[in-house]
Amino acid sequence: MITTFLERLLSSFIFDYYDPIYSILLLLLIAIIIALASQGWIVYKKEKLTKNLYSFLDKFDDFSCDLEEKDVPFEEGMKKPLLLLAKAFEQSGDYAKSINIFLYLIKHTKDDELLVYLGKIYLKAGFLQRSEEIFIQLIKRHPRRADVLHQLELIYESLGEFEKARDVLDAIEAQGEDISIERDYLTLLEIKQDTLLNKSQKIERLKSFIAKDRLYRVALKELFKIDSKSGWSSLDLEKIELVLDILWYLPYSKLQLDIILKSSTLKAIFFARGDIKEAPKKECGIFAIDTLCAAKKAGFKDGDISFLYICKECKNSFPISFERCPNCMAIDSIKVEETVEKKTKRGEALL
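Residues numbered from 1 in each chain as written. Predicted model: local features only at pLDDT ≥ 70, side-chain atom pairs only at ≥ 80, totals over all residues. Heavy atoms only, no water.

**Quick look at the overall build of the protein chain**
Short version of the rule: Numbering goes from the N terminus for both helices and strands, where a helix is a DSSP run of H or I of at least four residues and a strand is a run of E of at least two. Each residue is assigned to one of three classes by its accessible area relative to the maximum for its type, calculated with a 1.4 Å probe on protein chains only: buried under 20%, partly exposed between the two thresholds, exposed over 50%.
Tallying secondary structure elements over the protein chain gives 16 helices and three strands in all. Across the 351 residues of the protein chain, 39% fall into the buried class.

**Some words on the pattern of salt bridges**
Where we set the bar: Between Lys or Arg on one side and Asp or Glu on the other, a salt bridge is scored when a side-chain nitrogen of the former is within 4 Å of a carboxyl oxygen of the latter.
Evaluated as defined, the whole model comprises 21 salt bridges. Of the charged contacts, one joins R145 and D147 as a salt bridge, the two residues approaching to 2.6 Å between their closest N and O atoms. Notably, a salt bridge pairs R214 with D184, separated by 2.7 Å at the nearest N-O pair. With R214 in the loop between α10 (199–211) and α11 (216–226) and D184 in helix α9 (residues 180–193), this residue pair connects regions lying 30 residues apart in the sequence. The class for D184 is buried, based on a relative accessible area of 17%. A single salt-bridge network, built from bridges that share partners, covers E113, R145 and D147.

**What about the side chain of S333?**
For clarity, the threshold we go by: What makes two residues a contact is simply this: any of their non-hydrogen atoms within 4.5 Å.
Among the structural elements, S333 can be located in the loop between β2 (317–318) and β3 (334–342). Dropping the residues within four chain positions of it, S333 is found in contact with I310, C311, K312, E313, F322 and C325.

**Here we look at the packing of helix α5 (residues 112–125) against helix α7 (residues 146–159)**
The relative placement of two packed helices comes down to the angle between their axes together with the axis-to-axis distance. Short version of the rule: Axis lines are fitted through C-alpha atoms, for helices just across the contact stretch, and the angle between N-to-C directions can take any value from 0 to 180 degrees. Any angle between 65 and 115 degrees counts as roughly perpendicular, while under 35 counts as roughly parallel, over 145 as roughly antiparallel, and the rest as oblique. What makes a crossing left-handed is the near helix being turned counterclockwise from the far one by less than a right angle; a clockwise turn instead makes it right-handed. Side-chain classes follow a simple rule in which Ala, Val, Leu, Ile, Met, Phe, Trp, Tyr, Cys and Pro form the nonpolar group, Asp, Glu, Lys and Arg form the charged group, and the remainder, Gly included, forms the polar group.
Where α5 contacts α7, the axes come no closer than 11 Å and their chain directions differ by 20 degrees. Here α5 lies roughly parallel to α7, going by the angle between them. Seen from above, α5 lies across α7 with left-handed handedness. Contact with α5, carried on its side by V116, K120 and L123, involves D147, V148, Q151, L154 and I155 of α7 and no other residues of that element. Class assignment for the residues of the contact of α5 with α7 results in five nonpolar, one polar and two charged.

**So, the packing of α7 against helix α8 (residues 162–173)**
Relative orientation of the contacting elements α7 and α8 amounts to 165 degrees, with a least axis distance of 8 Å. In terms of orientation, α7 and α8 fall into the roughly antiparallel class. The two elements α7 and α8 meet at a crossing, and its hand is left-handed. Residue-level inspection shows L149, H150, L152, E153, Y156 and E157 of α7 in contact with α8, the latter providing F162, K164, A165, V168, L169, A171 and I172.

**Describing empty space enclosed by the protein**
To be explicit about the condition: Throughout, the protein atoms alone are placed on a 1 Å grid, and a set of points is a cavity if a 1.4 Å probe fits but cannot get out or a pocket if it is open with protein on both sides within 12 Å along at least five of seven lines; lining residues have an atom within 4 Å of a point. Grid points are joined across faces, edges and corners, and a volume is the space filled by probe spheres set on the points.
Counted by the stated rule, this structure contains one cavity of 30 Å³ or more. Roughly 60 Å³ of volume is contained in the largest cavity. Forming the boundary of the largest cavity are R217, V218, K221, S321, F322, E323, D332 and I334. When its residues are assigned to classes, the lining of the largest cavity shows three nonpolar, one polar and four charged.

**Some remarks on the layout of surface pockets**
Approximately 250 Å³ is the volume attributed to the second largest pocket. Lining the second largest pocket we find E90, Y117, K120, L123, K124, Q151, N327, C328 and M329. If you tally residues by element for the lining of the second largest pocket, the top one is α5, at four residues. Of the residues assigned to the lining of the second largest pocket, the class counts are four nonpolar, two polar and three charged.

**Let's talk about the packing of aromatic side chains**
Selection criterion: The aromatic pairing rule takes the rings of Phe, Tyr and Trp, using the six-membered ring of Trp, and pairs them if the centres are within 6.5 Å, calling planes under 30 degrees apart stacked, those over 60 edge-to-face and the rest tilted. By definition, being over a ring means that NZ of Lys or CZ of Arg is both within 6 Å of the ring centre and within 35 degrees of the ring normal.
Scanning the entire structure with this criterion turns up six aromatic pairs. Ring centres 5.1 Å apart and planes at 15 degrees place the aromatic pair F102 and Y117 in the stacked group. A residue pair is termed long-range when its members are at least 10 positions apart, and F102 in helix α4 (residues 95–109) and Y117 in helix α5 qualify at 15 residues. We classify F102 as buried; its relative accessible area is 0%. Summarising the aromatic geometry, the rings of Y122 and F127 are spaced 5.8 Å apart at their centres and angled 85 degrees between planes, so their arrangement reads as edge-to-face. Since its relative accessible area comes to 32%, F127 is described here as partly exposed. An aromatic cluster is built from F224, W232 and F270, whose rings are joined through pairwise contacts. Positioned over the ring face of F209 is K212, at 5.2 Å from the centre of the ring. Residue placement shows K296 over the ring face of F271; its charged tip is 5.8 Å from the ring centre.

**As for α9**
The test is simple: Working rule for helices: expected span equals 1.5 Å times residues minus one.
End to end, α9 covers 20 Å across 14 residues, agreeing with the expected 20 Å (1.5 Å per residue, within 8%). Taken together, the buried positions of α9 are E182, D184, Y185, L186, L188, L189 and I191. Tucked into the core, α9 has its buried residues touching α7, α8, α10 and α11.

Any functional reading would require information that these geometric values do not contain.
Next comes the structure, spelled out in C-alpha cells:
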C-alpha cells in the first residue's frame, strides 16, 4: 500500500515520456545547451584571438626602452601624455622612440586603435614585415576594417607583391568602396617593374593610361624616362602646369625642338631655361615662366625655378615630387607650385 502511494506521488512530478510537455521541455533544454556551448565557443575564440593579437608583439620589443614597468608603473592617466609624446617622436622622424612608447601603451591597454597606429609607424619606418604581421592579426579579428585593409594593400604594393595587393583590393571592393584609382595605379606600377615587357609594350600600355586620362602625370613621367619621343608626342599642352617640373628638369638631350618651337608656352619655358635663344612674343600665363622670360630679356640670366608639391587631399606640402602622398597616401593628388629663385647648380635628378 505504501509502495503504491509512493509510485503515485512520484508520477505526479515526472512527465510521462509520451507527454507533449515533456517533448517541448526536452527541446528547450537542448536549445539552451547548444546556445550556451556556442556562446562559450565564441568567448573562447575571442579570448584566443586577443591573446594571439597581443602576445606576438613580444618579439618586436627589441628597441631600447626608457619605459620599464619596474621603474615607471603604468597608470591610466599616463595614456594621453604618452600618446602625444609618441606622436611627437613620429613627427620628428624618431620612429624607434615612438614605436617603443606605443609598445609600452599597447602592453598595458590592449587597445586595437593603438595597434593600428603602431602598424602605420612600422610602415613609415620601413619595417614592412612587422607592419604586415600586425595588420594580418588585426584582420583576423576585424575582417571588415577597410582602413586596415588599405594599409595591408600599401605594404604589398611596396613589396611588389601585386597579386596579394589585388586580393586585398577585392576585399575592399566587396564592401562597396570604389577602388578604381588604386587598381589603375597598381597596374601602372606593375608595367613599370615588369622586366618581361619590352620597351614598345611598355610604351603602348603607358599611352593607354594617357588616352584614358588616368594617372596622366605618372604615366607621362615614365614615358619620358624610357622614350622621350613618345613622351613629347603624348604631352597635352592644356596640362603643362601639371608637369612643368618634369619639363623643367628634362636633360637637353631629351628635348624635341621641333615640337617646342610650335608651342608658344613650350618656347617660353625653354627660353626661360636657356635652351633656345628666340624670345617668346607673348606671355604664356605661367607667372614664374613669364617672370624669368622678362628678366632674361632685361639681361638677368641668374633666375631659376624651384618647385613645391602639395597634396590636394590633405593639403600638406613637400619639397620633392610624389605619386602617393607621403602623408595621407592619396594617389594622383599632387599639385605643383613653382617659385622664382636665384639660379644654383641644377642637377637632372627627376629623370
